[in-house]
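Per-entry structural report
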Amino acid sequence: MELIDTSLGYYWITLPKIQQKQLKTIQIVNRLLSREAPVFWVLEKTADFSPGDFIVPANAVNNLEEEVEKYGVQVKLCKENHSIRVRRLIRPKIAIYHTGGYRWSLFHSYTLEKFGFTLRLCSAKDIEKGVLEHFNVLIIPGGNSFSKLEPLTPMGREKLLNFIFEGGGCFATCGGAAIFMEGGLNIVKARRDRLIHGLHGPVLIRIVRPEHPIWFGYEKNVIMPVFHGFSFKVLDSNNVLVLGVYDGFTSKSYVWDLRVLDVPPRKWVESEEEYGFTLDPYKMLGTPAILEANYGKGKIILSYPHPEAIDWELSHKFVANAIYYLASKKLPSLELRTKKSNKKGSMERAVLRLEGKISRLKSVLEWMDRLCLDVAYSWVMKYDMVNPRRETFWSRLTDLIALTDECSRHIEDLKNMLKDLGKDEQKHFASVLDKLVKPLDEALEKLDKNLKPNILRLINLKKRIKQFEKNASEERLKELQKELQKLAKKTFGVRGPRGKLALSYGFILRRLDIAFYYLTNIKLHILDLLTNAD
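So, a few notes on the structure that sits alongside this text. (Residues numbered from 1 in each chain as written. Predicted model: local features only at pLDDT ≥ 70, side-chain atom pairs only at ≥ 80, totals over all residues. Heavy atoms only, no water.)

**A few points about the pattern of salt bridges**
Here the structure, examined in full by the defined rule, presents seven salt bridges. Between D247 and R206 there is a salt bridge, and its shortest N-O distance comes to 3.3 Å. Taken together, the residues D247 in strand β15 (residues 240–249) and R206 in strand β12 (residues 199–207) connect sequence positions 41 residues apart. Overall, D247 belongs to the partly exposed group, its relative accessible area being 30%. The exposure class assigned to R206 is partly exposed, which follows from its relative accessible area of 36%. (Salt bridge = Lys/Arg side-chain N within 4 Å of Asp/Glu carboxyl O. Helix = DSSP H or I, 4+ residues; strand = E, 2+ residues; numbered from the N terminus. Buried < 20%, exposed > 50% of the residue type's maximum accessible area, 1.4 Å probe, protein only.)

**Considering the environment of H197**
By secondary structure assignment, the location of H197 is in the loop between β11 (190–193) and β12. Taking the C-alpha atoms as reference, H197 lies 6.7 Å from H228; in sequence the two are 31 residues apart. If near-sequence neighbours (up to four positions away) are discounted, H197 is found in contact with V255, W256, F277, T278 and L279. For H197, the side chain forms a polar contact with the side chain of R194, separated by 3.2 Å. (Contact = heavy atoms within 4.5 Å. Polar contact = N/O pair within 3.5 Å; in protein donor to acceptor, adjacent residues only side chain to side chain.)

**Considerations on the side chain of K148**
Topologically, K148 is positioned in helix α5 (residues 145–149). K148 gets classed as buried once you look at its relative accessible area, which sits at 0%. When neighbours within four sequence positions are excluded, K148 is seen to be in contact with Y97, T99, G100, I140, P141, G142, G143, G176 and I179.

**A closer look at the nonpolar core**
F117, L138, F180, V188 and W215 are the most contacted members of the largest nonpolar core, which has 106 residues in total. Here this core gets eight residues from one element, more than from any other, and that element is helix α9 (residues 316–326). Setting aside its immediate chain neighbours within four residues, F117 contacts I26, N30, P92, I94, L112, A320, I323 and Y324. One finds L440, L451, L509 and L512 within the second-largest nonpolar core, a separate group that totals 21 residues. (Core = buried A, V, L, I, M, F, W, Y, C linked by side-chain atoms within 4.5 Å.)

Next comes the structure, spelled out in structure tokens:
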């Protein structure tokens, strides 16, 4: 935090109210930061400025108005003298922990990429090897907390904790938040408060500390999606700050397949008897949804809602705010590449060779974007949001068949697109693509051999049950339903992906984790090349 003297002239970039212009504004700021231009974040409201505005000294950049004209964002050159409380932004370099549930990683990757942030996916092995030395923000996405914590060796856990203790920032959502609390690494004095089961969809979050930088651009309440989310129970208020609490529901809020606004409050007890779970969502109101904790020099933001959800742009500015707030550790100037050649000018030559194929490369990237969008949406939003309970898991597997086939078809296309790179780059990409193809092939083989027959049997059983509902005896229907449940358990495990997975199903999901780790990092590498070409 510092005061800035604006007497020498400055560019004033206001934080727009319109979401699309907010996106463009963040893109501009990130381009400036990538060139190491000084950018200051306004922290307080004054007669002229609002919290979340940006200030760039005029002598640090040339003709900024012309440069940003194509973005449709207004930048004003000012010479008035102000004394403003600001924070100089540090360029965020973001690692997304990609272990135990790739679809949640894609939420963050897709949202942050469109803002123009520098990011890579990292695995538990990467953390153990010390990759976090090259980043100042770590994201732990949602998913099963055990499947994220268990792959980290004692050395990996030590390096993760040391990253935060020495000033790194961490943004953890839903199951990712749980690894830091009681029962996990235990550096955040809080625990999961499982008041109800199955809450999902957009809900209302009340802002508790409106002056906090994560809330810049918001007033009073924010709508954010949750996916089977819980509350936090704060165990030590000296260690933990509550930043937001659950405050209400929307027309798209569900508990399992029950729309919250359709169920009178007094009827939840009756539904609980039918479902066998505690369901009353009104127990969540007023309980903590978003926290902040300190650990050494670093900070951790924990959120049960998913502000990064790809089709919920209302809360994406929150994610950008959190990243800027958490990036407090300055790193050496270096490019985050999957691999960097030692040969002088090799990157420039690679870019020149690619220039003739830029448009084709962009179409490959568009495919990758659609793939990320489709996977993250269809695997989480589409099925978890409105489908009846216990029917989501095999539906996802029918998508898996199409998904893995589509990936395999495009790998050869991607290989052909990268043939004109230099030998070093070709060798590296060939190695990475081989690592990508192998888990996809293994997933397809296991899917065809072990799961596809069961999926088809489940589909047929469901159709038979639906046909017999009106005419068959109650005893016959119970037999069919019992057969369906037994086969579903054999295929997917107990309670689907939230319980103990069946071996084949778990194997496929782990192989897809690996495949999307390589696929996404290849995409980000190509984006680096295109940025240089521009």
